[in-house]
Protein chains: 2
Amino acid sequence: MARREQLILDTARDLIQREGLLTLQMSRLARACGLAVGTLYLHFDTKEDLLLALATGNAESRLGLFARAAAWNGPSRERLLAVAVADTLALEQAPELFRLHQYVLTEVVWNAASLRQRQRMLDATAPIQSLLDGIVARAIADGDLPDTHGMAARELVLGAWCQCLGMHTLAHAEGLLDSHEVRQPYRLLFKQLNLLLNGYGWLPLMAPVEDAAVAAQVERLCRHVFDLPLPFCVAHARRLAPDSRPATEASR
Amino acid sequence: MARREQLILDTARDLIQREGLLTLQMSRLARACGLAVGTLYLHFDTKEDLLLALATGNAESRLGLFARAAAWNGPSRERLLAVAVADTLALEQAPELFRLHQYVLTEVVWNAASLRQRQRMLDATAPIQSLLDGIVARAIADGDLPDTHGMAARELVLGAWCQCLGMHTLAHAEGLLDSHEVRQPYRLLFKQLNLLLNGYGWLPLMAPVEDAAVAAQVERLCRHVFDLPLPFCVAHARRLAPDSRPATEASR
DNA sequence: GCAGGCCGTGAATCGGATTCACAATCGCGC
DNA sequence: GCGCGATTGTGAATCCGATTCACGGCCTGC
């Protein structure tokens, strides 16, 4: 029954957020759900399938935030940035889930999951593309984006997507950015995004691109579009929300 | 003995390239090396440690290519792009190894590896940063980069790094880019990089940024800097080199 | 030649995902 | 209400593969 599938996914999400991806076990998950192990396998072929389903459900739930960003009635350039803000907000609420997302995109998980789940994941991201396509189309129509440099809308926004994805990835590999003396990855992300949009010639250009202006922009978007304060990771943190679960043993 | 450690790593690399990351087993690796399982564990605490060591060794070996790019005596802007080309060339030669890299950056592996190996990985990437720092410093000195927008050299190049990392990640998740109708991720990557550099105001600007010009630029860099032809993935492929190992079962 | 330590071995152990024989429950015809 | 086949849920048993460790062989110093 669909209700039970949801229970499993919700419980799994809880467990992962509480104890980390590393320690998720099918047997403990079953116990936490009050179900037998075998029952989990009535819903999901493998553990990888379950993880992929979880990531998919998560992507679907973020869709709401993205839609809000895309529907916001502001300048086209800021609408696109608002989507990036939505992404960051979602991540800050649930950092573990990004790690999950990153993990399932890995060959080891992706190729071990069933075609069905993979397709569901792909389907779940399609609406995001439509939203982005819409933003670009509108920008072109409004004259904010005089030149697409021969790219389709989805190719164009891929640059921003890569920027976000890359930064998330680096920000999550513990110690990696520290060792490169990068202190505020998320503020840097929005700076880079503005520079990239400037490179596209997406009007109105932001010039000069400097910390204060970028922070103000992000805060404005948070407030006007989502009615939320500036996310912690943009405001102060060197990393995502402080990790509250007990530190995993550093090594053995 | 160090020689034996190298044998293990080389054999592991072979196995992964031949049969994929998914199916690497310590016992089979031991057999392939002509060693006992226990012997592997004299060198590496865990499987994750071994994978991380492999990725580290790989990063070190790519350093040669990167150094060649950085040492090339061309315009500063193209020197930076040459590093991205080096990255792409290395990946094309060994796509499995990128998947490995991506996998080890994942929480599940990264946090399961020993501190020692993690530090070695971080150390291995430090020289790359120095190379990039050097390129940026030179660009500033030469007047090619009039404004760093308040960023340190390493923050600035992080944008390009994220762009590459993000695109690699997406290009490797089978079917993901196809479903978004992105046909030539690597040509697109270099286009985006040029747009980003334009956004930085890194002279000489490329304008207009179009397919033919970008392809010509990448080919020029391959030839002049590395004495190699245009990599397949930039020239034609929708993805990295055609996958020659037997297809993993799509699902169960 | 011999005791002691070191190294390499691979069979045994262990953890955890997956399966499957069985039990419980259900729906239906009588 | 009752019996019976079908369907669903169970969790102990199985299986796989990473990791360990008790052993045997080798080398070194005496």
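Residues numbered from 1 in each chain as written. Chains lettered and ligands numbered in written order. Predicted model: local features only at pLDDT ≥ 70, side-chain atom pairs only at ≥ 80, totals over all residues. Heavy atoms only, no water.

**Topic: the overall build of chain A**
What counts is decided by this rule: Where helices and strands are cited, they refer to DSSP runs of H or I of at least four residues and of E of at least two residues respectively, numbered from the N terminus. We compute the radius of gyration from the C-alpha atoms alone; for a globule the expected value is 2.2 Å times N to the 0.38, where N is the number of residues. All accessible-area figures derive from a Shrake-Rupley calculation using a 1.4 Å probe, and residue coverage is judged against the displayed protein chains alone. Note that His is not counted, nor are the chain ends; the positive residues are Lys and Arg, and the negative ones are Asp and Glu. Where a charge lies is defined by one atom per residue type, namely NZ (Lys), CZ (Arg), CG (Asp) and CD (Glu).
Helix and strand content of chain A: 13 helices and zero strands. Starting at the N terminus, the α and β elements of chain A follow one another as α-α-α-α-α-α-α-α-α-α-α-α-α. In summary, chain A has a C-alpha radius of gyration of 19 Å against a globular reference of 18 Å for 252 residues, a match within 12%. Considered along the principal axes of its C-alpha atoms, chain A spans approximately 60 × 35 × 35 Å. A total accessible area of about 10,100 Å² is found for chain A, and carbon and sulfur atoms account for 54% of it. Counting 26 positive and 28 negative side-chain charges, chain A places the centres of these two groups 4 Å from one another.

**Notes on the protein's contact with DNA strand C**
Operational definition: Near, as used in this document, describes a residue that has one of its heavy atoms within 4 Å of the molecule or strand being considered. Here a polar contact is taken to be a pair of N or O atoms separated by no more than 3.5 Å, where protein atoms must pair a possible hydrogen donor with a possible acceptor and residues adjacent in sequence count only if both atoms sit in side chains. Each residue is assigned to one class: nonpolar for Ala, Val, Leu, Ile, Met, Phe, Trp, Tyr, Cys and Pro, charged for Asp, Glu, Lys and Arg, and polar for all the others, Gly among them.
In the vicinity of DNA strand C lie 13 residues, with A:Met26, A:Tyr41, A:Lys47, B:Arg4 and B:Thr39 positioned nearest. Sugar plus phosphate, as a fraction of atoms of DNA strand C within 4 Å of the protein: 79%. Contacts to DNA strand C include A:Tyr41, whose side-chain N or O atom sits 2.7 Å from a phosphate oxygen. Where the surface near DNA strand C is concerned, the elements lending two or more residues are helix H3 (37-43) of chain A together with helix H3 (37-43) of chain B. Of the residues belonging to the surface near DNA strand C, the class tally is seven nonpolar, four polar and two charged.

**With respect to the domain arrangement of chain A**
How large an interface is tends to be reported as the accessible area lost when its parts come together. All names here are of chain A. Short version of the rule: The domain boundaries here were taken from an automatic or database domain assignment. In what follows, residue pairs with any heavy atoms lying within 4.5 Å of each other are defined as contacts. We define buried area as the total accessible area lost by two parts upon association, computed with a 1.4 Å probe and summed across both. The term salt bridge refers to a pairing of a side-chain nitrogen on Lys or Arg with a carboxyl oxygen on Asp or Glu at a separation within 4 Å.
What the domain assignment reports for chain A is domain 1 (1-43) and domain 2 (61-235). Averaged C-alpha coordinates put domain 1 and domain 2 at centres separated by 30 Å. Listed as interface residues are six residues of domain 1 and, on the opposing side, seven residues of domain 2. Of the roughly 500 Å² buried between domain 1 and domain 2, counting both surfaces, carbon and sulfur atoms make up 69%. Ranking the residues of domain 1 by area buried against domain 2 places Ile16, Gln17 and Leu21 at the top, with a combined share of 74%. Taken together, domain 1 and domain 2 are joined by zero salt bridges. Inspection of the domain 1/domain 2 interface yields zero residue pairs in polar contact (both at pLDDT 80 or more). Sort the elements by how many residues they give to the side of domain 1 that touches domain 2 and helix H1 (residues 2-19) lands first, with three residues. Residue composition of the side of domain 1 that touches domain 2, by class: two nonpolar, three polar and one charged.

**Structural notes on the environment of A:Leu196**
Our working definition: The buried label goes to any residue with under 20% of its type's maximum accessible area, the exposed label to any with over 50%, and the partly exposed label to all in between, with areas taken from a 1.4 Å probe on protein chains only.
Positionally, A:Leu196 belongs in helix H11 (residues 185-200). By relative accessible area, A:Leu196 is classed as buried at 0%. Residue contacts for A:Leu196: discarding those within four places in its chain leaves A:Gly159, A:Ala160, B:Gln163, B:Gln192 and B:Leu196.

**Overview of the environment of A:Ala207**
With respect to the helices and strands, A:Ala207 occurs in the loop between H11 and helix H12 (211-226). Counting along the chain gives 13 residues from A:Ala207 to A:Asn194, while the straight-line C-alpha distance between them is 9.3 Å.

**Overview of the relation of the copies chain B and chain A**
Our working definition: For the least-squares superposition of copies, only C-alpha atoms count, and only for residues with pLDDT at least 70 in both.
Superposition record for chain B on chain A: RMSD 0.0 Å, screw rotation 180°, translation along axis 0.0 Å. Here the two chains are linked by the operation of a two-fold rotation axis. For chain B, the smallest separation between a C-alpha atom and the rotation axis is recorded for B:Gly199, amounting to 1.8 Å.

**A word on the interface of chain B and chain A**
Contact with chain B, which involves 62 residues of that partner, is made by 62 residues of chain A. For the chain B and chain A pair, buried surface summed over both sides reaches about 5,700 Å², with 63% attributable to carbon and sulfur atoms. The largest share of the area that chain B buries against chain A comes from B:Glu107, B:His180 and B:Leu195, three residues that together contribute 11% of it. At the boundary of chain B and chain A, one finds two salt bridges. Residue A:Glu107 pairs with B:Arg99 through a salt bridge whose shortest N-O separation is 3.4 Å. Mapped by element, the contributors of at least two residues to the side of chain B that touches chain A are helix H6 (95-104), helix H7 (107-110), helix H8 (115-142), helix H9 (153-172), helix H10 (176-179) and helix H11 (185-200) of chain B. Ranked by residues supplied to the side of chain B that touches chain A, first place goes to H9(B) with 13 residues. Residues that form the side of chain B that touches chain A fall into these classes: 28 nonpolar, 21 polar and 13 charged.

**Comments concerning the pattern of salt bridges**
For the coordinates displayed, the defined rule picks out 19 salt bridges over all chains. Residues A:Arg13 and A:Asp10 are paired through a salt bridge, measuring 3.1 Å at the closest nitrogen-oxygen approach. Highlighted residues: A:Arg13 and A:Asp10, both in helix H1, separated by three residues, approximately one helical turn. A:Asp10 gets classed as partly exposed once you look at its relative accessible area, which sits at 34%. With its nearest N and O atoms 2.9 Å apart, the salt bridge here joins A:Asp211 to A:Lys191. You can see A:Asp211 sitting in helix H12 and its partner A:Lys191 sitting in helix H11, a full 20 residues away along the chain. Look at A:Lys191 and you get buried, because its relative accessible area is 3%. One connected set of salt bridges, linked through shared partners, spans A:Glu96, A:Arg99 and B:Glu107.

**So, the packing of helix H4 (residues 47-71) of chain A against helix H6 (residues 95-104) of chain A**
Residues and elements named next belong to chain A. Stated precisely, the cut-off is as follows: Where helices are involved, their axes are fitted lines through C-alpha atoms of the stretch in contact, as for all axes, and angles between N-to-C directions lie from 0 to 180°. For classification, angles of less than 35 degrees are called roughly parallel, those exceeding 145 degrees roughly antiparallel, those between 65 and 115 degrees roughly perpendicular, and all remaining angles oblique. Each crossing gets its handedness from the near helix: less than a right angle anticlockwise from the far helix is left-handed, clockwise is right-handed.
Their axes nearest at 9 Å, the elements H4 and H6 cross at an angle of 125°. One finds that H4 runs oblique with respect to H6. The way H4 lies across H6 gives a crossing that is left-handed. In this structure, H4 uses Leu51, Leu52, Leu54, Ala55, Asn58 and Arg62 to contact H6, whose residues at the interface are Leu97, Leu100, His101, Tyr103 and Val104. For the contact of H4 with H6, a count of residues per class yields eight nonpolar, two polar and one charged.

**Quick word on the protein's contact with DNA strand D**
As a matter of local geometry, DNA strand D sits amid 13 residues, with A:Arg4, A:Thr39, B:Met26, B:Tyr41 and B:Lys47 nearest to it. A share of 79% of the atoms of DNA strand D within 4 Å of the protein falls on sugar and phosphate groups. Side-chain polar atom of A:Thr39 to a phosphate oxygen of DNA strand D: 2.5 Å apart, as the coordinates give it. Residue B:Met26 places a main-chain N or O atom 2.9 Å away from a phosphate oxygen belonging to DNA strand D. Class assignment of the residues belonging to the surface near DNA strand D gives a composition of seven nonpolar, four polar and two charged.

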